[in-house]
Amino acid sequence: MSPFAESVKGVSTMVCSALRRVAHLHVYLVRKASSVSKGHHRQALGSRPAASEFAARGAPGGVVELLGKSYPQDDYSNLSQKVLSRVGRNLHNQQHHPLWLIKERVKEHFYKQYVGRFRTPLFSVYEDLSPVVTTWQNFDSLLIPADHPSRKKGDNYYLNGTHMLRAHTSAHQWDLLHAGLDAFLVVGDVYRRDQIDSQHYPVFHQLEGVRLFSKHELFAGMKDGESLQLFEQSSRSAYKQETHTMEAMKVIEFDLKQTLTKLVTHIFGDGLDIRWVDCYFPFTHPSFEMEINFHGEWLEVLGCGVMEQQLVNSAGAQDRIGWAFGLGLERLAMILYDIPDIRLFWSEDERFLKQFRVSDINQNVKFQPLSKYPAVINDISFWLPSESYTENDFYDLVRTIGGDLVEKVDLIDKFEHPKTQKTSHCYRITYRHMERTLSQREVGRVHQAVQEAVVQLLGVEGRF
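Residues numbered from 1 in each chain as written. Predicted model: local features only at pLDDT ≥ 70, side-chain atom pairs only at ≥ 80, totals over all residues. Heavy atoms only, no water.

1. A word on the sheet that holds strand S12 (residues 376-383)
Here is the rule: Two strands pair under a simple rule: DSSP has to find at least two bridges between them. The numbering of helices and of strands both runs from the N terminus, where a helix is a DSSP run of H or I of at least 4 residues and a strand a run of E of at least 2. We call two residues in contact whenever any of their non-hydrogen atoms come within 4.5 Å of each other. Each axis is a line fitted through C-alpha atoms, taken for helices only over the stretch in contact, and angles between the N-to-C directions span 0 to 180 degrees.
Strand order in the open sheet formed by four strands is S13-S14-S12-S15, with antiparallel pairing between adjacent strands. Since the sheet does not close on itself, it has two edges, and those belong to strand S13 (406-416) and strand S15 (461-462), each with one partner. Helix H14 (residues 440-458) contacts S12, strand S14 (423-431) and S15 of the sheet and is inclined by roughly 15 degrees relative to S12.

Right, dumping it as structure tokens:
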């Protein structure tokens, strides 16, 4: 979810024949980048002598081993070793990591605010669910149409045509509802192919919340509550679904917004200015994004809405109505702790990690920046192939080769040749190490590897 917003973002495929040449190419790239690897042992390139960073993208007939299971590859397989190396890290479960602090603060709030009849927590928490899900779980169970652009290979990481790394924690909603749960939080790592800058990383972490209400629970304590109904058959409008009564809609929307207002107040403090923006998600209606005014700037922090009754009914809870919300842990941590670059969450630098070893999870922490080392900037330009080309394929390739040395990639120029009608793209790649100074020479080796790989794997014609 906004995480909701990101999960339905529209935009493609890598050239399969080129992928069969990858193993040979990688050996060459490893040699090219070995000096960078030696200087920084966590750098993705060169970390394995012959196990290709692109091996998981292998031709159909191969197998991906992940979390103790084997997945046969096919034309949909598009995972890089760089991304696979992040699976199982579970930063949200590493004690005193900033993402763990945010998660624990949310859990503590829900545990204290919402209790059952026997003073036990109302919300169950699931923070260890496997990130490997079926495409049905990730899309179909959430009513995302078969032709929706959010399904494209250019935006997701597929193990094969039926399994993928989840693009959102919402992928677990249907299963948990079907198991009979009516109030739960899900926390986990999610995977998206995206642009490269200080705000985006192919792996990030979400927290999802869902709550269902029976007629008695929703209208309890209200005057004439017994006479009110959850359902009716009417027409859909901007304010409600066709199966919900207006009374039920007003009460559940109020409960949702009140719940989330209390949550962000708990995290950011009292006196917070909040506004709600109407939006669209396939699995909720009506849907909203919450924005907060933090240090004079309006920032979107989460997405939410009333769950589509069709989804709730299909999971076996036909007599209930519910809401759902989703938030990004990195997003909240970057705002709350003033962390400027999303790559820092993967850092093992003690100067970063020690700042979050606090005795109280609610303690105020303001990140003290590490010394910012100078950037090294190189451009790359090429003619696009006649076949389909997506920028996310290029970004994914740059991340795979450059790893966390790459701070951002900007498309700075597009040119269409008036005679050949061929299109040229020019990208500016900013390299910056978070822990030491890079030389132009070592960056040059990585950049050359990017140039050679983009020709071999994406079928472009280099202009370098």
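From this point, the narrative continues.
2. Considering the nonpolar core
The condition that has to hold: Only buried residues count toward a nonpolar core, which is a set of Ala, Val, Leu, Ile, Met, Phe, Trp, Tyr and Cys residues joined through side-chain atoms within 4.5 Å. For each residue, the accessible area found with a 1.4 Å probe, counting protein chains only, is set against the maximum for its type, and the residue is called buried under 20%, exposed over 50%, and partly exposed in between.
The biggest cluster of nonpolar side chains holds 77 residues, and the ones touching the most others in it are Leu165, Phe268 and Phe325. Looking at this core element by element, the count peaks at ten residues for helix H9 (residues 246-268). Counting residues in each nonpolar core, the second largest holds 27 residues, with Leu397, Val450, Val454 and Leu458 among its members.

3. Concerning the packing of aromatic side chains
The condition that has to hold: Note on aromatic pairs: the rings of Phe, Tyr and Trp (six-membered ring only in Trp) are paired at centre separations within 6.5 Å, and the planes decide the class, stacked below 30 degrees, edge-to-face beyond 60, tilted for the rest.
Scanning the model with the defined rule gives 21 aromatic pairs in all. Relative to Phe325, the ring of Phe110 lies with its centre 6.0 Å away and its plane at 10 degrees, an arrangement referred to as stacked. You can see Phe110 sitting in helix H5 (residues 98-113) and its partner Phe325 sitting in strand S11 (residues 321-328), a full 215 residues away along the chain. For the pair shown, Phe110 and Phe325 are each scored as buried. Considering the side-chain rings of Trp383 and Phe415, the 6.1 Å spacing of their centres and the 55 degrees angle between planes classify their relative orientation as tilted. Of this pair, Trp383 sits in strand S12 while Phe415 sits in strand S13, and the two are 32 residues apart along the sequence.

4. With respect to the pairing of strand S2 (residues 69-72)
Strand direction decides the pairing type here: strand S1 (residues 63-66) and S2, joined by four bridges, are antiparallel. Opposite Val63, over in S2, you have Pro72 as the bridge partner. Counting the residues in the hairpin turn of S1 and S2 gives two residues, including Leu67, whose phi is positive at 55 degrees.

5. Concerning unusual backbone geometry
In the segment running from His285 into Pro286, the intervening peptide bond is cis, with an omega of -5 degrees. As for its placement among the helices and strands, Pro286 is situated in strand S9 (residues 284-294). One non-glycine residue, Asp224, adopts positive backbone phi at about 60 degrees. Here Asp224 shows up in the loop between helix H8 (215-219) and H9.

6. Some remarks on the pairing of S12
Burial analysis of S12 places six of its eight residues in the buried class, which makes it a mostly covered element. Sheet topology places S12 next to S14; eight bridges connect them, and they run antiparallel. Residue pairing across strands places Ile380 opposite Tyr427, the latter belonging to S14. As judged from the two bridges shared by S12 and S15, these two strands associate in the antiparallel manner. Bridging from a neighbouring strand, Phe382 pairs with Gly462 of S15.

7. Things to note about the environment of Ile377
The topology assignment puts Ile377 in strand S12. With 31 residues separating them along the chain, Ile377 and Lys408 place their C-alpha atoms 9.9 Å apart. Once residues lying within four places of it in the same chain are set aside, the contact partners of Ile377 are Arg428, Ile429 and Thr430.

8. Remarks on the sheet that holds S11
If you trace the seven strands from one edge of the open sheet to the other, you get S3-S6-S7-S11-S10-S9-S8, paired in mixed fashion. One side of each edge strand has no neighbouring strand; the edge strands of this open sheet are strand S3 (124-126) and strand S8 (273-281). On average, each strand axis in the sheet is tilted by 25 degrees relative to the strand beside it, whichever way the strands run. Looking at chain direction, S3 and strand S6 (residues 183-191) are connected through three bridges and run parallel. From the neighbouring strand, Val125 faces S6, where its bridge partner is Leu185.

9. Brief notes about the side chain of Arg432
When you line up the elements, Arg432 lands in the loop between S14 and H14. On the basis of relative accessibility, which here comes to 15%, the residue Arg432 falls in the buried class. Non-local contacts of Arg432, meaning those with residues more than four positions away in its chain, are made with Arg343, Lys372, Tyr373, Pro374, Ala375, Asp404, Leu405, Glu407 and Leu438.

10. Let's talk about H5
Just so we agree on the cut-off: To estimate how far a helix should extend, the number of its residues minus one is multiplied by 1.5 Å.
Here H5 contains 16 residues, and its C-alpha end-to-end distance of 23 Å stays within 8% of the 22 Å for a straight helix at 1.5 Å per residue. Across the 16 residues of H5, twelve count as buried, placing the element largely inside the fold. Within H5 the residues assigned to the buried category are Pro98, Leu99, Trp100, Leu101, Ile102, Lys103, Glu104, Arg105, Val106, Lys107, His109 and Phe110.

11. Things to note about the environment of Leu91
On the secondary structure map, Leu91 appears in the loop between helix H4 (81-84) and H5. For Leu91, a relative accessible area of 1% corresponds to the buried category. As a C-alpha pair, Leu91 and Trp346 span 255 residues in sequence and 8.0 Å in three-dimensional space. In contact with Leu91, not counting residues within four places along its chain, are His97, Leu99, Trp100, His205, Phe345 and Trp346.

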